[in-house]
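If you want the building blocks of each chain, they are given just below.
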Amino acid sequence: MSGYPTEIKLHQQSRLLEIAFDDGICYKMPYEYLRVHSPSAEVRGHGTGQEKLQTGKKNVGIVEILPVGNYAMKIVFDDGHDSGLYTWEYLHELGEHQAELWQDYLELLTAAGQSREPSH
Amino acid sequence: MSFSEADVQGALKNLTDPNTGKDFVSGKSVKNIKINGNDLSLDIMLGYPARSVWDEIRAMIEAHLKAALPDSGSIGVNVTSKVVPHAVQRGVKLVDGVKNIIAVASGKGGVGKSTTAVNIALALAAEGARVGMLDADIYGPSQPAMLGITGQPEMLDGNFMAPLTNHGLQAMSIGFLIASDDTPMIWRGPMVTQALDQLLRQTRWDNLDYLIVDLPPGTGDIQLSLAQQVPVTGAVIVTTPQDIALMDARKGLKMFEKVGVKIVGIVENMSTHICSKCGHEEHIFGAGGGEKMCAEYHAEFLGSLPLDIRIREQTDSGKPTVVADPDGNIAKNYRQIARRIAVKVAEMAQNHSTVFPKVVVQNT
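Each chain carries its own residue numbering, running from 1 in the direction its sequence is written. To read the labels, note that chains go from A and ligands from 1, taken in the order they are written. Local features in this predicted model are restricted to residues whose pLDDT is 70 or higher, and side-chain atom pairs enter the listing and the counts only when it is 80 or higher, whereas totals over whole chains, interfaces and linings include all residues. Only hydrogens and water are set aside; all other atoms, that is, all heavy atoms of the structure, feed into the side-chain values.

> Can you help me understand the overall build of chain B in this one?
For helices the rule is a DSSP run of H or I covering at least 4 residues; for strands it is a run of E covering at least 2, with both sets numbered from the N terminus onward. Helix and strand counts for chain B stand at 11 helices and 14 strands. Relative to the compact-globule value of 21 Å for 364 residues, chain B shows a C-alpha radius of gyration of 22 Å, a close match. When the backbone C-alpha atoms are referred to their principal axes, chain B occupies close to 75 × 75 × 45 Å. Only protein chains enter the calculation, and the probe is 1.4 Å; a residue is then buried if its accessible area is under 20% of its type maximum, exposed if over 50%, and partly exposed in between. Within the span of chain B, comprising 364 residues, buried residues form 50% of the whole. Any two residues having at least one pair of non-hydrogen atoms within 4.5 Å are treated as being in contact. Looking at chain B alone, contacts between residues at least 24 apart form 74% of all its contacts between residues at least 6 apart. Shrake-Rupley sampling with a 1.4 Å probe provides the accessible areas, and residues are treated as covered by the protein chains on show and by no other component. Accessible surface for chain B amounts to roughly 16400 Å². Of this, 50% is attributable to carbon and sulfur atoms. The positive count covers Lys and Arg only, the negative count covers Asp and Glu only, and His and the chain ends enter neither. Note that the charge is assigned to NZ on lysines, CZ on arginines, CG on aspartates and CD on glutamates. Averaging the coordinates of the 34 positive side-chain charges in chain B and doing the same for the 38 negative ones gives two points 5 Å apart. For a compact globule the rule gives 2.2 Å times the number of residues to the power 0.38, and the radius of gyration it is set against comes from C-alpha atoms.

Structure, rendered in structure tokens:
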């Protein structure tokens, strides 16, 4: 079992989520990074190869964070996306591999000819 | 005055509660110490229901104090139990009238989960707790028959139902709401989870110390929505010693771990078969499987029960063993398991480490 969160801060100006766990680890992750890596089936699809690349989320905001049982939290984004359940385990993973995962995402965007900028 | 309150506390610090393994002072059980000359009186408030052992504990404490405080005159110890409510998640709605929710689950069907659940519930009630039974098996509700309850719940004001009662338990089951015993619930997942939520929240539970939830087997919709939406204190896993049952029990346990529901412990059912003719006891499903699983997953072994025809007959007839034969060995076994569960739950209730933190919103 991964650590349990002890503190969650939403930095609304810099759009950063700060989360501290009881195992002493603390991560700061941009809202956009969390949004494009949402574990929801709307993003991941229902299997390998069915992932849907998320684009234009540079300015996405977080409206609310809700606990799900004892193991996860639901992030409600201001673009209406609210179906991702971020387990403590997944948040650890996102925090730990932030640099690589973000780089991978940028490469996928470039390859698809898409952008982080909102389309309108 | 030849001794002080601190002397009394000091003496009780050296006495271990055999049920919790902790001394009475650090267990915060000692209240209301009164010293009058050489006479002493105090209250012991246990965090778990234990009516059947109150006298034993009182005698033990009185003897201990007499020995530790040789100058004392009369010693009066009053033992009671008070069950503490469990700390729950922010966001997860509390269930009105319920202090603790204990789920009884198994990976596999047919291991005696419902029988174990009902007997544990009755054993907790026999120890003086207020107990409810929620039958979460929507497709195959068995609690109405096991509790010997027929009839429909009375509708109260608003959308609430009164639980049905028998043997001192408050009970709710989908079985009370359907027309007849052979009416199948032909429902898809979302209907089932909604039904569970209604049975839980639209029943007017009356001041329960424990609500026992008898879950269907498996790791699907019902179990997941229970973990996500219901403030469960912990889960009890029932298994038989058979390898094939243990395999599924492990999956059940891992599922609860994954979704952050604490495991209270494991009950091994049908550990041995006792021949009703000759009384010979035999490990027909293999020996020691439950204990091995506990060691593997660092879970507590809560106890084991024999495969005894009386358990089946009594429970099937609507009068489970704990009420049918309260002085028998099997009932004693169930009571011991129930006490272990209650002690563990009391420890969990005091642990607030898994309460969801407040989300701080900053303009930074």
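> Honestly, the pattern of salt bridges in this entry has me stumped. Any pointers?
Any two side chains of opposite charge can pair, on the condition that their charged atoms come close. Residue and element names in this part refer to chain B. Basic side-chain nitrogens of Lys or Arg form a salt bridge, by our definition, when they fall within 4 Å of a carboxyl oxygen of Asp or Glu. According to the stated counting rule, one finds 17 salt bridges over all chains in the structure shown. Here Glu296 ties to Arg250 by a salt bridge, and the two come within 3.2 Å at their closest N and O atoms. Here the residue Glu296 occupies a position in helix H8 (residues 289-297), and Arg250 occupies one in helix H7 (residues 243-258), the gap between them amounting to 46 residues. Its relative accessible area of 41% is what places Glu296 among the partly exposed residues. In this structure, Glu257 and Lys254 form a salt bridge, with 3.7 Å as the shortest nitrogen-oxygen distance. Of this pair, Glu257 and Lys254 both sit in helix H7, three residues apart, roughly one helical turn. Owing to a relative accessible area of 42%, Lys254 belongs among the partly exposed residues under this scheme.

> Help me out: how do you make sense of the sheet that holds strand E2 (residues 39-46) of chain B in this one?
Each strand in a sheet pairs with its neighbour through backbone hydrogen bonds, running either in the same direction (parallel) or in the opposite one (antiparallel). Residues and elements named next belong to chain B. Between any two strands, pairing holds if DSSP finds at least two bridges. Overall, mixed pairing links the three strands, which are arranged E1-E2-E3 in an open sheet. Of all the strands in the sheet, just strand E1 (30-36) and strand E3 (75-81) have a single pairing partner and so form its edges. Between one strand and the next, the sheet's axes are offset by a mean angle of 10°, whatever the strand orientation. Bridge count between E2 and E3: seven bridges; the pairing is parallel. In this analysis, axes come from line fits to C-alpha atoms, helices being fitted only over the stretch in contact, and the angle between any two N-to-C directions falls in the range 0 to 180 degrees.

> Teacher, can you tell me more about helix H4 (residues 98-111) of chain A here?
Residues three or four positions apart in an α-helix share a direction because the helix packs 3.6 residues into each turn. The length a helix should cover is 1.5 Å for every residue beyond the first. Look at H4(A): 20 Å from first C-alpha to last across 14 residues, which is about the 20 Å you get at 1.5 Å a residue. Where H4(A) ends, the next residue or the one after it, Gly113(A), has phi of about 65°, a positive value.

> Can you walk me through the domain arrangement of chain B in this structure?
How big an interface is tends to be stated in terms of accessible area lost as the parts join. Residues and elements named next belong to chain B. Per the domain assignment, the segments of chain B are domain 1 (5-81) and domain 2 (98-349). Each partner contributes to the interface: domain 1 provides 10 residues, whereas domain 2 provides 12 residues. Defined in terms of a 1.4 Å probe, buried area is the accessible area two parts forfeit on being brought together, summed over both. In total, domain 1 and domain 2 occlude about 860 Å² of area from one another, counting both sides; carbon and sulfur atoms represent 58% of this. Under the scheme applied, nonpolar residues are Ala, Val, Leu, Ile, Met, Phe, Trp, Tyr, Cys and Pro; charged residues are Asp, Glu, Lys and Arg; polar residues are all the others, including Gly. Here the side of domain 1 that touches domain 2 is composed, by residue class, of four nonpolar, four polar and two charged. All domain edges in this entry derive from an automatic or database-based domain assignment.

> Just to check I follow, could you spell out the sheet that holds strand E6 (residues 85-87) of chain A for this structure?
Residue and element names in this part refer to chain A. An order of E4-E5-E6 is seen for the three strands of this open sheet, with the pairing classed as antiparallel. The two strands at the open ends of the sheet, each matched to only one other strand, are strand E4 (62-68) and E6. Each adjacent strand pair in this sheet contributes to an overall mean axis angle of 30°, direction not counted.

> What should I look at first to understand the environment of Gly175(B) in this one?
All names here are of chain B. Within the secondary structure, Gly175 is located in the loop between strand E7 (169-173) and helix H5 (189-201). Its relative accessible area of 25% is what places Gly175 among the partly exposed residues. Residues within four places of Gly175 in sequence aside, it is in contact with Pro141 and Pro144.

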